[in-house]
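Results of the structural survey
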Amino acid sequence: MAKFNLFSEDANKSPLARLWRKFKNNHPALVGLWVFIAFCILAATAPFLAPYGVNQQHSDALLLPPSWNEMGDVRFILGTDDLGRDVLSRLMNGATYTFGLSVVAALITTMIGVLVGTFAGISKGLRASFLNHLLDVTLSIPSLLLAIIIIAILGPGLMNTVWAIILALLPQFIHSIRNLIVDELGKDYVTAYRLDGASNWHILSRGIFPNVYEYIVVIFTMALSTAILDIAALGFLKLGAQPPTTEWGAILAENLGLIYLAPWTVALPGVLLFLAVLSTNLVGDGLRKVLQARKAD
Amino acid sequence: MQPLLKVQALSKTFNIRAGLFNRKKFEVLKNISFSIGKGETIAIIGETGSGKSTLAKLLVGAYSADSGQILLENNTIENNGQRDAQCRYIRMIFQDSATSLNPALTIAEMLDDCLKFNTDFDQAQRSEKIDSTLLKVGLLVDHQQYYPHMFSIGQLQRVALARALILDPKVVVLDEALSSLDPSVRAQIVNLLLKLQLETGLTYILITHHLSLVRHISDQLVVLNKGEIVEYGDTETIFQSPQSKITQRLLSC
């Protein structure tokens with residue numbers, strides 16, 4: 001029989017603790033996680049942290065470059081735009097729209113997706129097919145195009161964008177969740193749990209969800225990076241957030257005419273978008289790798 | 001002597017998809033009847049696809065039969081597919097104990113759930129029962145806080161046994177439960193099973209390919225072929241003089 005250390009606290013790790021230990025060793029993913037958390041905090045607290053108001057104009061400081069340039073001013077760390085608005089404050093507030101609303105959209109998608117996917121997974125026959133293929137029509141159109149169609153009907157606006165993105169992401173989500181649930185339901189431990197006298201609710205809450213929620217988080221991060229890009233793209237196309245809303249895509253579009261005169265007003269929102277999507281993908285990818293590694297040992 | 005478990009004319013048919021709209025009926029078990037007394041062991045052997053595992057799942061209630069009865073101490077617990085859901089006196093140990101335990105729950109949580117679903121014990125009684133059951137199968141009380149991935153295969157089989165025994169069953173079905181173990185661990189588990197049988201009068205239904213094990217621990221033998229019983233009787237008698245061709249072939253290999 002295998003030897004074991006009876007009183008070692010260290011060895012007595014729950015599956016979640018093992019996941020974290022492996023995740024910690026994946027340094028890019030860990031950095032991604034810190035950046036991700038920083039974005040979350042920024043999205044929640046930007047109005048309090050930002051040094052100036054979003055639409056506060058400084059007529060004495062138009063198109064100032066960032067403060068490290070010799071022309072810059074230390075009052076405006078990342079410079080100002082053509083109306084004398086502080087770029088740093090606008091970008092910080094932009095996190096609330098682009099990143100925060102993407103998180104909200106992805107969360108709503110997750111909730112609806114888990115609900116419908118679970119019902120599709122545990123029901124059988126016609127009802128399962130109906131739930132599973134409820135929104136499949138939308139799979140035939142790319143998510144951005146679908147969002148544009150929905151906006152064409154509802155009219156431009158940030159909230160319409162969010163609804164459009166939720167609708168576009170849902171079908172993939174439902175399919176993934178349903179497949180996860182069906183895979184788990186076929187395993188022996190579910191049969192054994194049922195024979196212990198567990199009801200469907202017990203099987204879901206104690207048996208299946210503790211074993212799949214990490215996978216749901218991975219699907220969530222994929223949905224989130226799509227949502228960020230879609231919200232920014234629609235803002236850029238002037239279909240989503242409208243200026244002077246500080247959504248990053250909208251800021252990009254607004255300042256596009258200044259690209260030669262004041263490149264920082266275009267480059268900085270682009271860099272932030274890049275960081276937001278990169279950190280989300282790093283976390284999701286790291287988590288997926290760790291889950292595979294945990295399954296293997 | 002009155003038999004503990006009586007199986008009468010049990011049949012099971014599966015619908016199999018044969019083409020787009022056609023469904024073919026496939027009779028997995030036809031007219032299975034046998035009976036076992038308290039503290040005895042019955043072995044079920046047969047080649048792959050003969051319906052052994054289906055029979056095990058019918059007995060514990062994972063599937064319901066199309067027709068036939070299962071009687072436990074003269075109480076009908078299954079009648080033509082109607083299962084008395086309260087009956088937890090027949091428990092099963094799965095082939096692969098590593099997949100039959102929920103990886104997200106500790107051993108204590110798993111056993112506690114078992115007791116919660118089936119008894120009216122309070123917290124103290126439950127934890128006392130968990131302690132005593134773990135000791136009974138040769139584990140330690142400290143193992144309660146362990147997750148399944150922390151055990152070796154032999155220990156996992158003991159945990160699975162603890163899970164079966166915690167409800168004080170009368171019958172334990174072992175579906176290939178000993179096949180995946182290496183010989184020394186298998187010997188340990190077999191000795192444990194025999195000891196428990198002596199102490200508590202458990203009845204085992206052993207489903208296996210392992211003939212020397214069958215000869216070692218079973219009192220009666222059922223030989224299944226294509227869902228039908230081809231031979232049923234005392235183990236030693238069948239081993240000495242197998243009547244049907246199928247049994248002869250099975251025993252000669």
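Check the entry above for the structure.
Residues numbered from 1 in each chain as written. Chains lettered and ligands numbered in written order. Predicted model: local features only at pLDDT ≥ 70, side-chain atom pairs only at ≥ 80, totals over all residues.

1. Some details on the packing of helix α3 (residues 87-122) of chain A against helix α4 (residues 125-132) of chain A
Residue and element names in this part refer to chain A. What counts is decided by this rule: An axis is simply a line fitted to the C-alpha atoms; with a helix, the fit covers only the stretch in contact. Between two such axes, the angle follows the N-to-C directions and lies from 0 to 180 degrees. Secondary structure elements are taken from DSSP: a helix is a run of H or I of four residues or more, a strand is a run of E of two residues or more, and numbering for both begins at the N terminus. What sets the label is the angle itself: under 35 degrees gives roughly parallel, over 145 gives roughly antiparallel, 65 to 115 gives roughly perpendicular, and the rest give oblique. Rotating anticlockwise by less than a right angle from the far helix to the near helix defines a left-handed crossing, while the corresponding clockwise rotation defines a right-handed one. We call two residues in contact if the C-beta atoms placed from their backbones are at most 7 Å apart. Under the scheme applied here, ten amino acids are nonpolar (Ala, Val, Leu, Ile, Met, Phe, Trp, Tyr, Cys and Pro), four are charged (Asp, Glu, Lys and Arg), and all others, including Gly, are polar.
At their nearest, the axes of α3 and α4 sit 8 Å apart, and the two run at 155 degrees to each other. On the basis of the axis angle, α3 is roughly antiparallel to α4. Between α3 and α4 lies a crossing of left-handed hand. Contacts between α3 and α4 involve V116, F119 and A120 from the first element and A128, L131 and N132 from the second. Looking at the contact of α3 with α4 residue by residue, the class counts come to five nonpolar, one polar and no charged.

2. Things to note about the sheet that holds strand β9 (residues 203-207) of chain B
Residues and elements named next belong to chain B. In plain terms, the rule: Pairing between two strands requires that DSSP report at least two bridges joining them.
Ordered in space as β7-β8-β9-β3-β10-β11, the six strands form an open sheet in which the pairing is mixed. Each edge of the open sheet carries a strand with a single partner, namely β7 (90-93) and β11 (228-234). Along the sheet, successive strands turn relative to each other by an average axial angle of 20 degrees, direction set aside. By the bridge criterion, five bridges tie strand β3 (residues 41-46) to strand β10 (residues 220-225) in an arrangement that is parallel. Bridge pairing in β10 places I44 opposite V222. This element, helix α4 (residues 153-165), spans β7 and β8 (171-175) of the sheet and lies at about 170 degrees to β7.

3. A short note on the nonpolar core
We count it as follows: By convention the nonpolar core is taken to be a set of buried residues drawn from Ala, Val, Leu, Ile, Met, Phe, Trp, Tyr and Cys and joined through C-beta atoms within 7 Å. Burial is judged by counting other C-beta atoms within 10 Å of a residue's own C-beta: 20 or more means buried, 12 or fewer means exposed, and anything between counts as partly exposed, with every C-beta placed from the backbone.
Counting 146 residues, the largest nonpolar core has A:I165, B:V173, B:L174 and B:I205 as its most contacted members. Considering every element that reaches this core, the biggest residue donor is helix α8 (residues 200-236) of chain A, with 15 residues. Residues in contact with B:L174, not counting those within four places in the same chain, are B:I93, B:Y204, B:I205, B:L206 and B:I207.

4. Examining the pairing of β9(B)
Residue and element names in this part refer to chain B. Along β9, five of the five residues are buried, which leaves the element largely enclosed by surrounding structure. The alternating pattern of β9 places T203, I205 and I207 and Y204 and L206 on opposite faces, both of which are buried. Direction of pairing for β3 relative to β9: parallel, over a ladder of four bridges. Paired with A43 across the strands is L206, a residue of β9.

5. Observations regarding the interface of chain B and chain A
On the chain A side, the residues contacting the 27 residues of chain B number 21 residues. Elements with a minimum of two residues in the side of chain B that touches chain A: α2 (107-118) and α4 of chain B. For the side of chain B that touches chain A, the element with the most residues is α2(B), which contributes four residues. Class assignment of the residues belonging to the side of chain B that touches chain A gives a composition of 14 nonpolar, nine polar and four charged.

Any link to function would need more than the numbers given here.
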